[in-house]
Amino acid sequence: MSKTYYDPADLRKFGSITEWSEELGTKFFDYYGKVFEEGALTAREKSLIALAVSHVVKCPYCIDAYTKDGLQRGVTKEEMMEAVHVGAAIESGATLVHGVQMMNKYNKLSM
Amino acid sequence: MITKSLKKRESELANVNRQLEILSNGIFKSGELPTFKDKISEIDQFPLKPRQLEILQINLGYMCNQVCEHCHVDAGPDRKEIMTKEIMEQCLKVIKSTAAHTLDLTGGAPEMNPNFRWFVEEAFKVGIKDIIVRSNLTIIRSNKKYYDLPEFFKKNNIHIVSSMPHWTRGKTDKQRGEGVFNKSIKALQELNAVGYGLPGSNLRLDLVYNPSGAFLPGDQTSMEKDFKKALLEDFNIQFHDLFAITNLPISRFLDYLIASENYEDYMYALVDAYNPEAVKNVMCTNTISISWEGWLYDCDFNQMLDLKVEGKVKHIKEYNEDLLQNRNIRVFQHCYGCTAGAGSSCQGSVI
């Protein structure tokens, strides 16, 4: 048994989740593949969105995967870091906007 | 930043047997990953056989003015191996009667061979149709004696293929050495100025993109679009095609993979990206590679691993195209580099 919860080598084994549930695994990977195809958004734009989301959901596997994917697409480190900041801004905004709820509650309870 | 070849540094990887050992041990010996031979046996492509011969690729020597980190030749200013005029004369005899239509001159920096210009002119005289020169670009600006190379190329209608790892300075200099980007830009502008790379021009200028690190090249067409846009907007440079070439795990790139602890992941990435469709078009099926000493190989990578062609004919002095066309091509784990994704060759993707 691995001594850590995350092992970088597990990323390569991602496809093996299908072995324990073929139908759902296959459907997921088909969907996943389709999502990242060129469409109204370019595959490059999708890769940067995925990188930002990877940071927000704090998935080390996804961060490894989409940093490498970005490099393969010629994405620069400046572009990658800006994408991470977009994710961080939304995430911190999501925290801070709850401040309004706190203010509402405060005001309601206060005389 | 490296400044010396593996050979000069007396690195253990300067020994090809050590490289072959690494490529056969570990994940391949344990069966974690299939060997290339097993993989192509699945689609009945083993032994791999040649198709129509189209290209003679000649390595004019390992001397180069640059020391690129990913160089599979381990070329550099400290390498003194240079093809002699005598071997060139033997090559010319072969060129006279070969079925190949193209001569692909590489190195090192092929222009640094003192008989380079003579050889190019003689090769046309004996009937070769096209000559490609793999120019590193900076050679043109490295010394006064090379300043007129663009004119020489133009006069002989040479097809130029040049490396350019990125359209930004940082990435280019990291892979190819400090100052390489600026010099390359200047050289490209000079080539444009004499007519190379312009839309509709028959003076062909293509660029080669090698990833600057332990990752595979992305889609060649979209990379080409990005390169064209950036080079035109930032530097007013034009070129024809972009060839995306995968770095093969040999020589200095293998050294880098091991030192950066990326070797296993990179081999996994290559094997995962294995595309059976690419196998039938790999460049060793239409090319013969000739070393500075006149030895014959299936490709430039096999040359660097000293895996000479199978069969009786092994040297240019005993060249026999009929016998060579019947040979079995030698494959090893590095060959996964040519079958990953859309495939990779000296002419870029193969599918």
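Read on for an overview of the structure. All values reported here derive from a predicted model rather than from experimental measurement. (Residues numbered from 1 in each chain as written. Chains lettered and ligands numbered in written order. Predicted model: local features only at pLDDT ≥ 70, side-chain atom pairs only at ≥ 80, totals over all residues.)

Some remarks on the overall build of chain B
Across its full length, chain B carries 14 helices and eight strands. By the compact-globule yardstick of 20 Å for 351 residues, chain B fits well, its C-alpha radius of gyration being 19 Å. Along the first, second and third principal axes, the C-alpha atoms of chain B reach 55 × 45 × 40 Å. Burial statistics for chain B: of 351 residues in total, 51% are counted as buried. (Helix = DSSP H or I, 4+ residues; strand = E, 2+ residues; numbered from the N terminus. Rg over C-alpha atoms; globule rule 2.2 N^0.38 Å. Buried ≥ 20, exposed ≤ 12 C-beta atoms within 10 Å, placed from the backbone.)

Quick word on the overall build of chain A
From N to C terminus, chain A includes four helices and zero strands. The order of helices and strands in chain A, counted from the N terminus, is α-α-α-α. Over its C-alpha trace chain A gives a radius of gyration of 19 Å, far above what one expects of a compact globule, namely 13 Å for 111 residues. For chain A, the spread of C-alpha atoms along the three principal axes comes to 60 × 35 × 30 Å. Relative to its 111 residues, chain A shows a buried fraction of 13%. Sequence separation of at least 24 residues holds for 54% of the intrachain contacts in chain A that already meet a minimum separation of 6. (Contact = placed C-beta atoms within 7 Å.)

Comments concerning the packing of helix H2 (residues 43-56) of chain A against helix H4 (residues 77-109) of chain A
All names here are of chain A. Closest axis-to-axis distance for the H2/H4 pair is 8 Å, and the angle between their directions is 50°. With respect to each other, H2 and H4 are oriented oblique. H2 and H4 meet at a crossing whose hand is right-handed. Contacts from Leu48, Leu51, Ala52, Val53, His55 and Val56 in H2 reach Glu79, Met80, Ala83, Val84, Val86, Gly87, Ala88, Ile90 and Glu91 in H4. A breakdown of the residues in the contact of H2 with H4 according to their chemical character gives 11 nonpolar, two polar and two charged. (Axes fitted to C-alpha atoms, helices over the stretch in contact; angles between N-to-C directions. Parallel < 35°, antiparallel > 145°, perpendicular 65-115°, else oblique. Left-handed = near helix turned anticlockwise from the far one by under 90°. Nonpolar A, V, L, I, M, F, W, Y, C, P; charged D, E, K, R; others polar.)

Some points on unusual backbone geometry
Residues and elements named next belong to chain B. Put simply, Phe46 and Pro47 share a cis peptide bond, and its omega is -5°. By the secondary structure assignment, Pro47 is in the loop between helix H2 (36-41) and strand S1 (55-59). The omega torsion of the bond from Gly107 to Gly108 falls at 15°, within 30 degrees of zero and hence cis. Note on placement: Gly108 falls in the loop between strand S2 (102-106) and helix H4 (116-125). Its identity is not glycine, yet Glu10 carries a phi of approximately 55°, on the positive side. For Glu10, a count of 9 C-beta atoms within 10 Å translates into the label exposed.

Some thoughts on the packing of helix H7 (residues 169-176) of chain B against helix H8 (residues 180-193) of chain B
Describing two packed helices takes the angle between their axes plus the distance from one axis to the other. All names here are of chain B. In contact at an axis separation of 8 Å, H7 and H8 are set at 105° when each is read in the N-to-C sense. As summarised for this structure, H7 and H8 are arranged roughly perpendicular, according to the angle between their axes. In this structure, H7 contributes Arg169, Thr172, Asp173 and Arg176 to the contact, and H8 contributes Val180, Phe181 and Ser184. Its residues assigned to classes, the contact of H7 with H8 comprises two nonpolar, two polar and three charged.

Things to note about the nonpolar core
Among soluble globular proteins, nonpolar side chains are generally buried collectively. Counting residues in hydrophobic clusters, the biggest one holds 111 residues, and the most contacted among them are Leu56, Cys91, Ile131, Ile160 and Tyr209 of chain B. Not counting residues up to four positions away in its chain, the partners in contact with Leu56 of chain B are Ile95, Thr98, Ala100, Leu103, Asp104, Ile288 and Ile290 of chain B. (Core = buried A, V, L, I, M, F, W, Y, C linked by C-beta atoms within 7 Å.)

Some thoughts on H8 of chain B
All names here are of chain B. Along its 14 residues, H8 runs 20 Å from first to last C-alpha, staying within 8% of the 20 Å computed at 1.5 Å per residue. Considered for burial, the residues of H8 that qualify are Val180, Phe181, Lys183, Ser184, Ile185, Ala187, Leu188, Leu191 and Asn192. For H8, the elements touching its buried residues are helix H5 (138-142), helix H6 (149-155), strand S4 (159-163), H7, strand S5 (205-209) and helix H9 (220-235). (Expected span 1.5 Å × (residues − 1).)

Quick word on the sheet that holds S2 of chain B
Neighbouring strands of a sheet are bound in pairs by backbone hydrogen bonds; such pairs are parallel or else antiparallel. Residue and element names in this part refer to chain B. Strand order in the open sheet formed by eight strands is S6-S5-S4-S3-S2-S1-S7-S8, with mixed pairing between adjacent strands. Each end of this open sheet is capped by a strand with a single partner; those strands are strand S6 (242-244) and strand S8 (296-297). Where strand S7 (residues 287-290) meets S8, two bridges bridge the pair, whose relative direction is antiparallel. When the sheet's bridge partners are listed, Ile290 is paired in S8 with Leu296. The strands that H9 touches are S5 and S6; relative to S6, the one it contacts most, it runs at about 135°. (Pairing = 2+ DSSP bridges.)

Observations regarding the interface of chain A and chain B
Listed as interface residues are eight residues of chain A and, on the opposing side, 12 residues of chain B. Take the side of chain A that touches chain B: its biggest share by element is three residues, from helix H3 (residues 60-72) of chain A.

A few points about the pairing of S2 of chain B
Residue and element names in this part refer to chain B. In terms of burial, S2 is largely enclosed, as four of its five residues are buried. Bridging between S1 and S2 involves five bridges; their strand directions are parallel. By the bridge assignment, Asn59 is partnered in S2 with Thr106. In the classification by handedness, the crossover that spans S1, the intervening helix H3 (residues 85-97) and the parallel S2 is right-handed. Note that S2 and strand S3 (residues 130-135) share four bridges and pair parallel. Opposite Leu103, over in S3, you have Ile131 as the bridge partner. Assessed by its sense of winding, the connection that carries the chain from S2 through H4 to S3 is right-handed. (Right-handed = clockwise from strand over helix to strand, strands pointing away.)

Some remarks on the environment of Pro249 of chain B
Residues and elements named next belong to chain B. Along the chain, Pro249 turns up in the loop between S6 and helix H10 (251-259). Sequence separation between Pro249 and Cys335 is 86 residues, and the spatial gap between their C-alpha atoms is 9.0 Å. Those residues in contact with Pro249 that sit more than four places away from it in its chain are Leu23, Leu254, Leu257, Tyr266, Met267, His334 and Gly337.

Brief notes about the environment of Ser92 of chain A
As for its position among the elements, Ser92 of chain A is in helix H4. With 36 residues separating them along the chain, Ser92 of chain A and Val56 of chain A place their C-alpha atoms 9.9 Å apart.

The values reported here are purely geometric and, on their own, carry no functional implication.
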